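# Close look at the chain arrangement
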Amino acid sequence: QVQLVESGGGLVQAGGSLRLSCAASGRTFSSYAMGWFRQAPGKEREFVATISGSGGITYYADSVKGRFTIGRDNAKNTVLLQMNSLKPEDTAVYYCGSTARLWATRGYEYEYWGQGTQVTVSS
């Protein structure tokens, strides 16, 4: 069983920054890709970013490219999402997921999910 726990969400003004963390336990962390997704009220969960187990491959949604950076610390079993230049449309619950694939952009490709952390960006 894998446990994922997100933290770092909160309320920030447009143009500000937040850093989300996801702590993982229960599997060999470096063997699995990780991803961040988000879900706004009334909308489906959408892909944000993914990173391979080694950290050598990253991929971003067009909506966050150039503003968000995904990273991981395999020694600490943690994946991070640095979010800069935040916009009101970034407001959502952010979830991290774990997948046995090399990397993945679709929610169904992930086996485990955290409980989510709320990010609210005010205009």
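Residues numbered from 1 in each chain as written. Predicted model: local features only at pLDDT ≥ 70, side-chain atom pairs only at ≥ 80, totals over all residues. Heavy atoms only, no water.

### Examining the environment of Ala 92
So the rule is basically this: Only DSSP runs of H or I with at least four residues qualify as helices, and only runs of E with at least two residues qualify as strands; both kinds are numbered from the N terminus onward. Each residue gets one of three labels from its accessible area relative to the maximum for its type: buried under 20%, exposed over 50%, partly exposed in between, using a 1.4 Å probe on protein chains only. A contact between two residues is defined here by any heavy atoms of the two lying within 4.5 Å.
For Ala 92, the position within the fold is in strand β9 (residues 92-99). By relative accessible area, Ala 92 is classed as buried at 3%. Setting aside anything within four residues of it in sequence, one finds Ala 92 in contact with Arg 38, Gln 39, Ala 40, Thr 117, Gln 118 and Val 119.

### Examining the environment of Pro 41
Here Pro 41 is to be found in the loop between β4 (33-39) and β5 (46-51). When the C-alpha atoms of Pro 41 and Ala 92 are compared, they prove to be 7.1 Å apart, with 51 residues separating the residues in sequence.

### Observations concerning the nonpolar core
Here is the rule: We define a nonpolar core as any set of buried Ala, Val, Leu, Ile, Met, Phe, Trp, Tyr and Cys residues linked to one another through side-chain atoms lying within 4.5 Å.
Grouped together as the largest cluster of nonpolar side chains are 32 residues, with contacts concentrated most on Trp 36, Leu 81, Met 83 and Tyr 94. Taken together, the elements giving at least two residues each to this core come down to β3 (18-25), β4, β5, β7 (68-73), β8 (78-83), β9 and β11 (117-122).

### Overview of the packing of aromatic side chains
A ring pair, where both rings are aromatic, is described by two values, the distance of the centres and the angle of the planes. Convention followed: Side-chain rings of Phe, Tyr and Trp, where Trp is taken by its six-membered ring, are said to pair if the distance between their centres is within 6.5 Å; with planes under 30 degrees apart they count as stacked, over 60 as edge-to-face, and otherwise as tilted. We call a charge positioned over a ring when the NZ of a Lys or the CZ of an Arg lies within 6 Å of the ring centre and within 35 degrees of the ring normal.
Under the criterion given, the structure shown has six aromatic pairs. Every member of this aromatic cluster is reached through a ring pair, and the members are Phe 37, Phe 47, Tyr 59, Trp 103, Tyr 110 and Trp 113. Sitting over the face of the ring of Trp 113, Arg 45 holds its NZ or CZ atom 4.6 Å from the ring centroid.

### Description of the sheet that holds β3
Strand pairing in a sheet relies on backbone hydrogen bonds. The paired strands run either parallel or antiparallel. Defined as follows: A pair of strands is treated as paired once DSSP finds two or more bridges between them. Note on geometry: axes are lines fitted to C-alpha atoms, helical ones only across the stretch in contact, with angles between N-to-C directions running from 0 to 180 degrees.
Pairing is antiparallel in the open sheet, where four strands are placed in the order β1-β3-β8-β7. The sheet terminates laterally at β1 (3-7) and β7, the two strands that pair on one side only. Across the sheet, the mean angle separating the axes of adjacent strands is 15° when strand polarity is ignored. Pairing geometry for β7 and β8, over six bridges, is antiparallel.

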